[in-house]
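This is what each chain is made of:
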Amino acid sequence: MSVFWFSFNGITPLILLVLLGFFLKHYKIIDQTMIDKTTSFLFKVAFPVALFNSINKIEISEYFNPGMFIFAIGTIVGIVAILMLILPRFVTGNKQRGAMVQGIYRGNYLLLGYPLAQNLFGESGVGPTAMLLPMVIFTYNVLAVFVLEYYRGEEAKVKYLKVLAGLVRNPLIIGAIIGALFSWSPWSLPLFLSRAVDDVGKIANPMALILLGGQFNWSRLEGRISLLAWAISLREFVIPTLTTLAAVALGFRGPELGALFILFASPTAVTSFIMAKTMNSDSDLASQIVLGTTLISGFSLFLGIYILRALALI
């Protein structure tokens, strides 16, 4: 029951912020112009600062496990490759393809990974999760830029220079790289700057969820319900099941297995909606995937952790 209540208490505030955004838009306290401008601020400032701050505070080398690292990053890349091969057969329109691929592979590990591992294993067991966090976030963002650039326009193709330019200029990737450099170096921010960075970083997720609610429109579900159902099923049930079985077969147990399960079972990252909106993808579908996986994850996380604990695997 502790796991259930943790999931409930962790997911419900996210849903309430989405509802707040929905009602703020409904009662015209915020409008589409404000949503667009704030989305740009989140993408260019708040989320990069939040990524820098999270990665900067983690002692990466202390918990480094090459086997776990290779499995996690290799699996994420493999999932994206499989999705990009299969989804175009069933999904028409590049904007929807980009939103689907990103929504299925990209979990909210930054927001849920560390606190959930801390709740399950205590401070002594969060090492594997902390070790994965920086490189997972970096990989997520690199792949997101690649996928959204690949599916930008009418014809899906690799435009190498455009993708490379997108990677170099992407604020999220810049924030992640600078955070990793600070984490690996003896440098630290002065106290006054550290507190300012903390405050800016804390804006990112709550404001993104409010904007997601303001963007949500029931009428926009038309023609997307089947895509949404597939995205939720793959993100919250199929991928966690297959990746966890593979991890168990490879011998991962305890906090390491828990970290991998959380990585692949956490709901779609709120950042995916922000990136879809700023990179000319289907932001309506992206927002619906974020909301749908967040709602379902309260059940799927609880069920998965309950089964793993019942089998004494974590």
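Computed from a predicted model, the values in this text were never measured in an experiment. (Residues numbered from 1 in each chain as written. Predicted model: local features only at pLDDT ≥ 70, side-chain atom pairs only at ≥ 80, totals over all residues. Heavy atoms only, no water.)

1. Observations regarding the layout of surface pockets
Space inside the second largest pocket adds up to approximately 420 Å³. If you trace the second largest pocket, you find 19 residues lining it, with Ile82, Leu83, Ile86, Leu234 and Val238 closest to the centre. Breaking the lining of the second largest pocket down by element, the ones donating at least two residues are helix 3 (66-86) and helix 10 (225-249). Element by element, the count of residues in the lining of the second largest pocket is highest for helix 10, at nine residues. Here the lining of the second largest pocket is composed, by residue class, of 16 nonpolar, three polar and no charged. (1 Å grid on protein atoms, 1.4 Å probe; cavity = no way out; pocket = protein on both sides within 12 Å on 5 of 7 lines; lining within 4 Å. Points joined across faces, edges and corners; volume = space filled by probe spheres on them. Helix = DSSP H or I, 4+ residues; strand = E, 2+ residues; numbered from the N terminus. Nonpolar A, V, L, I, M, F, W, Y, C, P; charged D, E, K, R; others polar.)

2. Digging into the pattern of salt bridges
Applying the stated criterion to the full structure yields three salt bridges. Between Lys277 and Asp36 there is a salt bridge, and its shortest N-O distance comes to 3.2 Å. Linking Lys277 in helix 12 (residues 270-278) with Asp36 in helix 2 (residues 32-56), this pair joins segments that are 241 residues apart in sequence. Note on Lys277: relative accessible area 22%, which makes it partly exposed. Measuring nitrogen to oxygen at the nearest pair gives 3.3 Å for the salt bridge that ties Arg152 to Glu149. On the basis of relative accessible area, Arg152 is assigned to the partly exposed category, the value being 22%. (Salt bridge = Lys/Arg side-chain N within 4 Å of Asp/Glu carboxyl O. Buried < 20%, exposed > 50% of the residue type's maximum accessible area, 1.4 Å probe, protein only.)

3. With respect to unusual backbone geometry
Notably, Lys28 is not glycine yet its phi reads approximately 60 degrees, a positive angle. Of the residues examined, Lys28 reaches a relative accessible area of 72% and is grouped as exposed. Despite not being glycine, Asn280 shows a phi value in the positive range, around 60 degrees. Secondary-structure assignment places Asn280 in the loop between helix 12 and helix 13 (283-310). By relative accessible area, which is 40% here, Asn280 ends up partly exposed.

4. Considering the environment of Ile15
Position of Ile15 among the secondary structure elements: in helix 1 (residues 2-26). Residues Ile15 and Ile76 lie 61 residues apart in sequence; the distance between their C-alpha atoms is 26 Å. Setting aside residues up to four positions removed in sequence, Ile15 forms contacts with Leu291, Thr294 and Leu295. (Contact = heavy atoms within 4.5 Å.)

5. Details of the packing of aromatic side chains
What the rule picks out here adds up to eight aromatic pairs. Consider the rings of Phe71 and Phe252, whose centres lie 5.7 Å apart with planes at 45 degrees: the pair is tilted. With a gap of 181 residues between them, Phe71 in helix 3 and Phe252 in the loop between helix 10 and helix 11 (254-265) connect regions that are remote in the sequence. The exposure classification of Phe71 matches that of Phe252, with both residues buried. Ring centres 6.1 Å apart and planes at 35 degrees place the aromatic pair Phe302 and Tyr306 in the tilted group. Of the two residues, Phe302 and Tyr306 are both situated in helix 13; the distance of four residues between them amounts to about one turn of the helix. With a relative accessible area of 22%, Phe302 lands in the partly exposed category. Feature note: the residues Phe52, Phe182 and Trp187 constitute an aromatic cluster, connected by ring pairs. (Phe/Tyr/Trp six-rings, centres within 6.5 Å; stacked < 30°, edge-to-face > 60°.)

6. Regarding the packing of helix 11 against helix 13
Running from N to C, helix 11 and helix 13 point in directions that differ by 155 degrees, and their axes come no closer than 11 Å. For the element pair helix 11 / helix 13, the angle class is roughly antiparallel. The element helix 11 and its partner helix 13 pack so that their crossing is right-handed. For the pair formed by helix 11 and helix 13, the contact residues are Leu257, Phe261 and Ala265 on the first element and Ser300, Leu301, Gly304, Ile305 and Leu308 on the second. When grouped by side-chain class, the residues that make up the contact of helix 11 with helix 13 number six nonpolar, two polar and no charged. (Axes fitted to C-alpha atoms, helices over the stretch in contact; angles between N-to-C directions. Parallel < 35°, antiparallel > 145°, perpendicular 65-115°, else oblique. Left-handed = near helix turned anticlockwise from the far one by under 90°.)

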